[in-house]
Amino acid sequence: MTETTGTFAVKKGLAQMLKGGVIMDVVTAEHARIAEDAGACAVMALERVPADIRADGGVARMSDPELILKIMDTVSIPVMAKCRIGHFVEAQILEALGVDYIDESEVLTPADESHHIYKHDFKVPFVCGCRNLGEALRRIGEGAAMIRTKGEAGTGDVVEAVRHARTVLGEIRHLQIMPVEELMTYAKNIGAPYELVMEVHKTGTLPVVNFAAGGVATPADAALMMQLGVDGVFVGSGIFKSGDPAKRAAAIVKSVTHYNEPKILAEISRNLGEPMVGRQISTLPDNELMAGRGW
Amino acid sequence: MVGSMRIGILALQGAFIEHEKMLKNLGVETQQVRLSQHLNDLDGLIIPGGESTTITKLAIDFGLFDDLKAFASEHPVWGTCAGAILLAKDDQSNPPRLDVMDIQIVRNAFGRQVDSFQADLQVPSLAHLNGSNPTYPAVFIRAPIINTVGKKVEILARLGFDKIVAARQGHLLATVFHPELTNDDRFHRYFLEMIPSK
């Protein structure tokens, strides 16, 4: 009996198990424990949440392996970690640590301004951000086993996550009704692999799981993204930059399960304390925007 | 008759849509279960893969936990991966388990995600569903393992010689792998055969 590890089905399969769930950014083992107790389906281990990366400036890199290992020791749920765009050695290190998913993330400072990591070479699966269908299919072509919207991380402003989710899902709906002879030109125009364009045309869905990320701060934000049609939600700064992280984390988990029940959403949104202090994206200078990173 | 069956799928978190698609392709009516009232008039229930800690917490917080236990004492229930963990004997770990099936199960028994794998299993109980072929393509994702089983439990499949990966106790079925991630519907058909005809 042969056991085959690292197949695409196995990589994509873990993301399928995360669906309908919330993946939370945590910077300490204690945060990780709070996230797990609140019902997170996975945690993202990192040194600074995006709001702090934004505030601190400087180069943002992969986190210290010591921190990641501590978090892996603390919780039984999957642990993800971020590497810089194109930094395949950071990815090799994260794989060697045994993290369950790697986020090749625009939240960190890119290491390569033209190329992403060739992700098929890894046994550990990757999640990547996107703003539109072309970007999503390029990442899947490189081997990403899960996709998320980029949104604008660390702002607490959901507007970009909504824009990116509406763009990707709208482009899929458009692609579905295109006559077949238009697909090659469409693939050329959006810069996506033709075979994947053909597949989405036939199935009407991305070939991998698609989460929302970047600016989700409240249960209502999370439920909004779910109603728009994503499979689950990442929450970065929104939980541990708020007044009562444990309570807010549990409420956001519930909102992703009961996203279609306004009465339940009303109940779980009560008395959550202060949300994170947001930064309105339209007031940010262009050089502070992260979503434009990625090629 | 498959046509008149109504099967619930616990939809708190995890891969419930994959199970729903498999059942719909078999012509079965399905119901996503998020609250206790969704259990009414169901002929059986699937508890899908996902994170068992998340699913259990949500079941407790919305008052579903005891109703699931009551449902499983009377009706056919199939747990895949996280679902199998929920069906198992309570081992006093946190979070609690439904404690309805006489199996002891250990979470993440094969290691982390890099150790997740695919393997062909020999499942004699499925042979009659596919021209007597017992080979079944199983997908294991951070899978648990069934350590010990009680006397009333039938072992349906092992990995290698010793590892128990599928088991049945009367109207309860547990698989530590994910039939909903394959194109092979034999385990779903096997579960439907466990539903008593009306």
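The rules we used
- Residues numbered from 1 in each chain as written.
- Chains lettered and ligands numbered in written order.
- Predicted model: local features only at pLDDT ≥ 70, side-chain atom pairs only at ≥ 80, totals over all residues.
- Heavy atoms only, no water.
- Helix = DSSP H or I, 4+ residues; strand = E, 2+ residues; numbered from the N terminus.
- Rg over C-alpha atoms; globule rule 2.2 N^0.38 Å.
- Buried < 20%, exposed > 50% of the residue type's maximum accessible area, 1.4 Å probe, protein only.
- Contact = heavy atoms within 4.5 Å.
- Areas by Shrake-Rupley, 256 points an atom, 1.4 Å probe, with all protein chains shown as cover.
- Lys, Arg positive; Asp, Glu negative; His and termini not counted.
- Charge placed at Lys NZ, Arg CZ, Asp CG, Glu CD.
- Salt bridge = Lys/Arg side-chain N within 4 Å of Asp/Glu carboxyl O.
- Buried area = accessible area lost by both parts, 1.4 Å probe.
- Polar contact = N/O pair within 3.5 Å; in protein donor to acceptor, adjacent residues only side chain to side chain.
- Nonpolar A, V, L, I, M, F, W, Y, C, P; charged D, E, K, R; others polar.
- Pairing = 2+ DSSP bridges.
- Axes fitted to C-alpha atoms, helices over the stretch in contact; angles between N-to-C directions.
- Core = buried A, V, L, I, M, F, W, Y, C linked by side-chain atoms within 4.5 Å.
- 1 Å grid on protein atoms, 1.4 Å probe; cavity = no way out; pocket = protein on both sides within 12 Å on 5 of 7 lines; lining within 4 Å.
- Points joined across faces, edges and corners; volume = space filled by probe spheres on them.
- Expected span 1.5 Å × (residues − 1).
- Phe/Tyr/Trp six-rings, centres within 6.5 Å; stacked < 30°, edge-to-face > 60°.

A separate point is the overall build of chain B. On a plain count of helices and strands, chain B comes out with 5 helices and 11 strands. The C-alpha atoms of chain B give a radius of gyration of 15 Å, which matches the 16 Å a tight globule of 198 residues would have. Judged by the C-alpha coordinates and their principal axes, chain B covers about 40 × 40 × 35 Å. A burial count over chain B gives 60% of its 198 residues as buried. If you take every contact in chain B between residues at least 6 apart in sequence, the share linking residues at least 24 apart comes to 65%. Here chain B has roughly 7,600 Å² of accessible surface; of this, 47% comes from carbon and sulfur atoms. Here chain B contributes 19 positive and 22 negative side-chain charges, whose respective centroids are spaced 2 Å apart.

Turning to the pattern of salt bridges, a few remarks are in order. According to the stated counting rule, one finds 28 salt bridges over all chains in the structure shown. Through salt bridges with shared partners, one network takes in A:Lys82, A:Asp103, A:Glu106 and A:Arg148.

In this complex, chain B contributes 39 residues to the contact, which on the side of chain A involves 40 residues. Both faces considered, chain B and chain A share a buried interface measuring about 3,100 Å² in area, 59% of it formed by carbon and sulfur atoms. When the area that chain B buries against chain A is broken down by residue, the three leading residues are B:Arg112, B:Gln113 and B:Val114, summing to 20%. Our count for the chain B to chain A interface comes out at 4 salt bridges. A:Lys19 is the partner of B:Glu18 in a salt bridge, and the nearest nitrogen-oxygen pair spans 2.7 Å. At the boundary of chain B with chain A, the tally comes to 20 residue pairs in polar contact (both at pLDDT 80 or more). Broken down by secondary-structure element, the contributors of at least two residues to the side of chain B that touches chain A are α1 (16-25), α2 (52-61), β6 (117-122) and β9 (154-159) of chain B. Taken together, the residues of the side of chain B that touches chain A break down into 15 nonpolar, 12 polar and 12 charged. In terms of strand pairing, strand β1 (residues 4-5) of chain A meets β6(B) through 2 bridges, oriented antiparallel. For A:Thr4, the partnering residue across the bridge sits in β6(B) and is B:Gln118.

Strand pairs in the sheet, formed through backbone hydrogen bonds, run parallel or antiparallel to each other. Residues and elements named next belong to chain A. Strand order in the open sheet formed by 8 strands is β8-β7-β6-β5-β4-β3-β2-β9, and the pairing between neighbours is parallel. With one partner strand each, in any of the chains shown, β8 (209-211) and β9 (233-235) form the two edges of the open sheet. Across the sheet, the mean angle separating the axes of adjacent strands is 30° when strand polarity is ignored. Here strand β3 (residues 42-45) pairs with strand β4 (residues 79-84) via 3 bridges, running parallel. By the bridge assignment, Val43 is partnered in β4 with Val79. Along the sheet, helix α12 (residues 245-257) makes contact with β2 (22-26) and β9, crossing β2 at roughly 155°.

The next subject is the nonpolar core. Within the largest apolar cluster, 124 residues are counted, with the highest numbers of intra-cluster contacts made by A:Leu94, A:Val99, A:Met225, B:Ile7, B:Leu121, B:Phe140 and B:Phe177. In contact with B:Phe177, not counting residues within four places along its chain, are B:Thr80, B:Cys81, B:Leu121, B:Tyr136, B:Ala138, B:Val139, B:Phe140, B:Val165, B:Ala166 and B:Phe187.

Using the criterion set out here, one finds 2 cavities of 30 Å³ or more in the structure. Approximately 180 Å³ is the volume found for the largest cavity. Together, 23 residues line the largest cavity, and A:Asp25, A:Ala153, A:Ala213, A:Gly214 and A:Gly236 are the ones closest to its centre. In terms of residue class, the lining of the largest cavity is built from 8 nonpolar, 9 polar and 6 charged. Estimated volume of the second largest cavity: approximately 110 Å³. Lining the second largest cavity are 14 residues, and of these B:Gly50, B:Glu51, B:Cys81, B:Asn108 and B:Arg142 lie nearest its centre. Taken together, the elements giving at least two residues each to the lining of the second largest cavity come down to α1 (8-18) of chain A together with α4 (82-87) of chain B. Class assignment for the residues of the lining of the second largest cavity results in 8 nonpolar, 3 polar and 3 charged.

Moving on, we come to helix α7 (residues 159-176) of chain A. Taking 1.5 Å of rise per residue, the 18 residues of α7(A) would be expected to cover 26 Å, and the 26 Å separating its terminal C-alpha atoms lies within 8% of that figure. Every buried residue of α7(A) is accounted for by A:Glu160, A:Ala161, A:Val162, A:His164, A:Ala165, A:Val168, A:Leu169, A:Ile172 and A:Leu175.

What follows covers the layout of surface pockets. Of the voids in this model, the largest pocket is the one considered here, and its volume is about 1,200 Å³. At the level of elements, α1, α7, α9 (194-203), β8 and α10 (219-228) of chain A together with α1 of chain B are the ones that each hand at least two residues to the lining of the largest pocket. For the lining of the largest pocket, the element with the highest residue contribution is α1(B), accounting for 6 residues. A breakdown of the residues in the lining of the largest pocket according to their chemical character gives 17 nonpolar, 14 polar and 10 charged.

Right, let's talk about the environment of B:His19 for a bit. Here B:His19 shows up in helix α1. With sequence-adjacent residues up to four places away left out, B:His19 is seen in contact with B:Ile9, B:Ile46, B:Pro48, B:Trp78, B:Thr80, B:Glu180 and B:His188.

Let us look at the packing of aromatic side chains. Residues and elements named next belong to chain B. One pass over the full model with this rule turns up 12 aromatic pairs over all chains. Between Trp78 and Phe187, the aromatic rings sit 6.2 Å apart at their centres with planes inclined by 25°, giving stacked as the arrangement. Taken together, the residues Trp78 in strand β4 (residues 77-80) and Phe187 in helix α5 (residues 186-193) connect sequence positions 109 residues apart. The pair Trp78 / Phe187 is uniform in exposure class, with both members buried.

Moving on, we get to the environment of B:Lys152. Residue and element names in this part refer to chain B. Tracing the backbone shows Lys152 in the loop between β8 (145-149) and β9. Judged by relative accessible area, which is 72%, Lys152 ranks as exposed. For the pair formed by Lys152 and Asp102, sequence separation is 50 residues and the distance between their alpha carbons is 7.7 Å. Apart from residues no more than four positions distant in its own chain, Lys152 is found in contact with Arg168 and Gln169.

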